[in-house]
Amino acid sequence: GNFEVSFEPDPALWEGQHANNLWALELPHPMTKIVWDNPALISPATARTLGVENGQMLRITKGDAKVEVPAWILPGHADYCVTLTLGWGRSAAGRYGNGKGFDVGAIRTSDAMFFTDGAVVDPIGGKYNLVQTQTHDRMEGRPIAIDATLDEYKAEPDFATYRAVDPVSTPPLWKQQDYSEGHKWGMAIEMNGCTGCNACVVACQAENNIPSVGKFEVERGREMHWLRLDRYFVGDDENDPKVAVQPVTCQHCEEAPCENVCPVNATVHSPEGLNDMAYNRCVGTRYCANNCPYKVRRYNYLDWHGHLDDKFGWFEDFPESRKLQFNPNVTVRMRGVMEKCTYCVQRLEGAKIKRKQVQRSKALESAKGSAAVTVTAEDLRIAADSVKTACQDACPADAISFGNLLNTDSRVFRAKFFNEKENGQWKPKPRNYDLLNYIGTIPRTSYLARVKNPNEEMPDAKYRGQATIHMT
């Protein structure tokens, strides 16, 4: 009968300014991973007191005003407090935002715009369907989001390598690619910098013409984001758990499991190390998605860009104004096609074309009319850090580095390796690790393990390592 209520702007819709933005509506909330809705966030202890589960309706009353919102249990939330998200429940937002979510403004007054107390919270029965993009509730002990405290890092700088399981030793399935000339693309993600803000997710969606599919299809596991941000709670649900986030996209494996099983050779390894998709070859068997251990491939079950058999009425009237937002350098995929991260190959190809034009002009100038004009592979090599992927471009924390691993001056090389060799190979940085490296896929995307520096005076400072990690 005396709850505190906090009103928070939605991370994507803010206070409603972006309530009709389709990308924002389907962007998973950083903590709950819920899309298309704004539940009332409560702690596990509060949920037990009220006798409610996820999705059960609550009536929150303040004076003569009241709102009805579904509950969502969030580990780490303060007890006997409720967090309500602004920006939802609008009636005149537009074709996508109208009627989505719940308007909590009725109990928000001019003298308590972002916080109020004395609220009464009652369960009222009934259950509302809330949809998440992340539902698996365990890391199953696997070394995925690896972190350590500063003291642990000082005592064991190679903690990321030790915690990751040794990769299996198997002969290659394919003829090994010679990368001595040209490019060998790779990516490194600094976990110390990533805040889980989702900027990379939206940037990838905008750059690569990735469709939004609606709440019903997300519930069926058909979300189309090429890049996802996994969120893990670390520690005990009841005792101020910490949060770890990890961006996951196509790892562009050197020994890619998806390439082995495609019956029409639609997913192939490029001469520059990219795991490419030939869209017009794909017949939609989905063997590649089943064989991908990272679950980063997306299948177009329907024609999200304006199909005629849309029984849900979602895309039957695809507006011309939305077609103008498409990136002309990227194919708009059709129904029945598998897709996934390409390392923004259109940007790489654009840079190579521009480089070729410049080098040919220089060659012509130096030849001065001579017919013998040659442009070598070295001439066409792209300069270090001259191309950025969309996610790298948008990251406010500058946590993503991408480039040519053959160029020792590139930022991604410096993130992954020391500029010295050990047993004929570049010596890896101690915090650098590959996701699920023990299955032998040899990913091109790697992570720099997070190092925390907790205040020893705080009650939770005794937390160490990867104990009891789970997802809720």
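What you are looking at is a predicted structure, and each value in this text was computed from that prediction instead of being measured.

**Notes on the pattern of salt bridges**
For the structure on display, the rule yields 16 salt bridges. Among the ionic pairs, Lys 452 bridges to Asp 147, the shortest N-O distance being 3.8 Å. Residue Lys 452 is located in strand β22 (residues 450-452), and its partner Asp 147 is located in strand β9 (residues 147-149); the two are separated by 305 residues in the primary sequence. Exposure class is identical for Lys 452 and Asp 147. Each is buried. In this structure, Arg 222 engages Glu 217 in a salt bridge whose closest nitrogen and oxygen atoms are separated by 3.1 Å.

**A closer look at the packing of aromatic side chains**
Tallying each qualifying case throughout the model produces 9 aromatic pairs. Ring geometry for Tyr 299 versus Tyr 301: centroids 4.8 Å apart, planes at 90 degrees, classification edge-to-face. Classification of Tyr 299 as buried rests on a relative accessible area of 15%. An aromatic cluster is present here, built from Trp 185, Tyr 343 and Phe 402 joined pairwise through their rings. The side chain of Arg 108 reaches across the aromatic face of Phe 114, ending 4.9 Å from its centre. Its end group placed over the ring of Tyr 301, Arg 222 keeps NZ or CZ at 4.0 Å from the ring centre.

**With respect to the environment of Arg 95**
Its location among the elements puts Arg 95 in the loop between β6 (81-86) and β7 (115-127). Here Arg 95 falls in the partly exposed class, since its relative accessible area comes to 42%. Along the backbone, Arg 95 and Asn 20 are 75 residues apart, and their C-alpha atoms lie at a distance of 7.0 Å. A polar contact of 3.4 Å, which involves the side chain of Arg 95, links it to the side chain of Tyr 96.

**With respect to helix α5 (residues 199-207)**
Listing the buried residues of α5 in full gives Cys 200, Val 201, Ala 203, Cys 204, Gln 205 and Glu 207. Downstream of α5 by one or two residues, Asn 209 has phi in the positive range, about 55 degrees.

**Focus: the sheet that holds strand β17 (residues 400-404)**
Ordered by their spatial adjacency, 4 strands build an open sheet running β17-β10-β21-β20, and the pairing between neighbours is mixed. In the strand order of this sheet, the two ends are held by β17 and β20 (432-434), each with one partner. The average undirected angle you get between the axes of adjacent strands in this sheet is 30 degrees. Sheet topology places strand β10 (residues 185-190) next to β17; 5 bridges connect them, and they run antiparallel. Paired with Gly 186 across the two strands is Gly 403, which belongs to β17.

**So, the side chain of Ser 212**
Note on placement: Ser 212 falls in the loop between α5 and α6 (215-219). Among the residues examined, Ser 212 registers a relative accessible area of 1% and is labelled buried.

**Notes on the state of the cysteines**
As enumerated under the stated definition, the model contains 0 disulfides in all. Lacking any disulfide linkage, Cys 197 is separated from the closest cysteine sulfur, that of Cys 395, by 6.3 Å. Left unpaired, Cys 250 is separated from the closest cysteine sulfur, that of Cys 341, by 5.6 Å. Judged by its relative accessible area of 6%, Cys 250 is buried.

**Digging into the pairing of β7**
Pairing geometry for strand β1 (residues 3-9) and β7, over 3 bridges, is antiparallel. Its bridge partner being in β7, Phe 3 is matched across the sheet by Ala 119.

**Things to note about the environment of Glu 272**
Within the secondary structure, Glu 272 is located in the loop between β13 (267-269) and β14 (275-277). Taking the C-alpha atoms as reference points, Glu 272 and Asn 404, separated by 132 residues in sequence, lie 9.2 Å from one another. Ignoring any residue separated from it by four or fewer positions in sequence, one finds Glu 272 in contact with Tyr 179, His 183, Lys 184, Trp 185, Lys 352 and Arg 444. A polar contact is formed between the side chain of Glu 272 and the side chain of His 183, at a distance of 3.2 Å. A distance of 2.7 Å separates a polar atom in the side chain of Glu 272 from a polar atom in the side chain of Trp 185.

Rules used throughout
Residues numbered from 1 in each chain as written. Predicted model: local features only at pLDDT ≥ 70, side-chain atom pairs only at ≥ 80, totals over all residues. Heavy atoms only, no water. Salt bridge = Lys/Arg side-chain N within 4 Å of Asp/Glu carboxyl O. Helix = DSSP H or I, 4+ residues; strand = E, 2+ residues; numbered from the N terminus. Buried < 20%, exposed > 50% of the residue type's maximum accessible area, 1.4 Å probe, protein only. Phe/Tyr/Trp six-rings, centres within 6.5 Å; stacked < 30°, edge-to-face > 60°. Lys NZ or Arg CZ within 6 Å of the ring centre and 35° of its normal. Polar contact = N/O pair within 3.5 Å; in protein donor to acceptor, adjacent residues only side chain to side chain. Pairing = 2+ DSSP bridges. Axes fitted to C-alpha atoms, helices over the stretch in contact; angles between N-to-C directions. Disulfide = S-S within 2.5 Å. Contact = heavy atoms within 4.5 Å.

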